[in-house]
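# Residue-level structural notes
Here are the chains, one letter per residue:
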Amino acid sequence: MPLPVSDTAPVERRLLRDVVYSRLYDGILDGTLEPGETLLDEKLTAWLGVSRTPIREALMKLADIGLVEMAPNRYTRVAPIDLKAIDEAIYTTGLLHEHAARTIVPGVDNATVARLDKAQKDVKKAAKARDIPGLGHAFNDFFLELERAGDNSVLVTVSEGLSPQLLRYISVWQTPFGVEDLAAALAGILAAVKDRDGAKAGDLVRELYAGTLTQFLEDYRRRDSEIAGSPVF
């Protein structure tokens, strides 16, 4: 029999909310919406051409992952860049990616290798074009593809939750990870993946993130006294 009319509306709202969420998410990470910028409903509805409801739903979801700050009856704004949070997220992300390499690589299938190969090529293309947002997404996709090939759903969930901080880190750093060398670093990791050599892949991931942490500390922590109390890794 025909589906009830009441069952169709929530599906449409959910899809619209997801579209709005993606637009706002990308806008924050690519700098269209700047750190600290106030997000007014009327301006967002005009920009996106949708009603207030999906915008508020998307903003609440973005607040859950730390990209938006909401204070009832005061403001809704793009979360300012929090160097301490980014520092901690990058350190944790490196540990997760290294663990994934060591434990998942030995058993990866050919389909996963093909997806990793594509992500590595996307990183190379974005680096050559100096497309920093594209670089960030491709780099993030490389490791998420690897983690999704394993059977640890908690690892995937935590990595996905840290992704916004990783992408923000890349977007605000003029030379993230050493842009010129990043594709080559992932190529080395990919070669270890193809050999199913988890130990080597893990060592290369650790090396990649060790250099990143060092450069991060040199370029950022020394400039911000507010994060002087950050953990020393």
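We now turn to the structure provided with this report. (Residues numbered from 1 in each chain as written. Predicted model: local features only at pLDDT ≥ 70, side-chain atom pairs only at ≥ 80, totals over all residues. Heavy atoms only, no water.)

All right, on to the packing of helix H4 (residues 83–104) against helix H6 (residues 132–148) then. When two helices pack together, their arrangement is given by the angle between the helix axes and the distance between those axes. Between H4 and H6, whose axes approach to 9 Å, the crossing angle comes to 45 degrees. Considering the angle they form, H4 stands oblique to H6. Every pair of crossing elements has a handedness; the one defined by H4 and H6 is left-handed. The segment H4 lies against H6, with Leu96, His97, Ala100, Ala101 and Ile104 engaging Phe143, Leu146 and Glu147. A breakdown of the residues in the contact of H4 with H6 according to their chemical character gives 6 nonpolar, 1 polar and 1 charged. (Axes fitted to C-alpha atoms, helices over the stretch in contact; angles between N-to-C directions. Helix = DSSP H or I, 4+ residues; strand = E, 2+ residues; numbered from the N terminus. Parallel < 35°, antiparallel > 145°, perpendicular 65-115°, else oblique. Left-handed = near helix turned anticlockwise from the far one by under 90°. Contact = heavy atoms within 4.5 Å. Nonpolar A, V, L, I, M, F, W, Y, C, P; charged D, E, K, R; others polar.)

Looking now at the pairing of strand E2 (residues 75–78). Inspection of the sheet shows strand E1 (residues 68–71) paired to E2 by 4 bridges, in the antiparallel sense. Following the sheet pairing, Met70 is matched in E2 by Thr76. Two successive antiparallel strands, E1 and E2, enclose a turn made up of 3 residues, where Asn73 displays a positive phi of approximately 65 degrees. (Pairing = 2+ DSSP bridges.)

In this section: the side chain of Glu147. Considering the arrangement of structural elements, one finds Glu147 in helix H6. The side chain of Glu147 is buried and forms no salt bridge, while Arg148, the nearest opposite charge, is found at 7.1 Å. In this structure the side chain of Glu147 is engaged in a polar contact, spanning 3.5 Å, whose partner is the side chain of His97. For Glu147, the contacting residues outside a window of four places in its chain are Leu96, His97, Ala100, Ile104, Leu155, Val156 and Ser159. (Buried < 20%, exposed > 50% of the residue type's maximum accessible area, 1.4 Å probe, protein only. Lys, Arg positive; Asp, Glu negative; His and termini not counted. Salt bridge = Lys/Arg side-chain N within 4 Å of Asp/Glu carboxyl O. Polar contact = N/O pair within 3.5 Å; in protein donor to acceptor, adjacent residues only side chain to side chain.)

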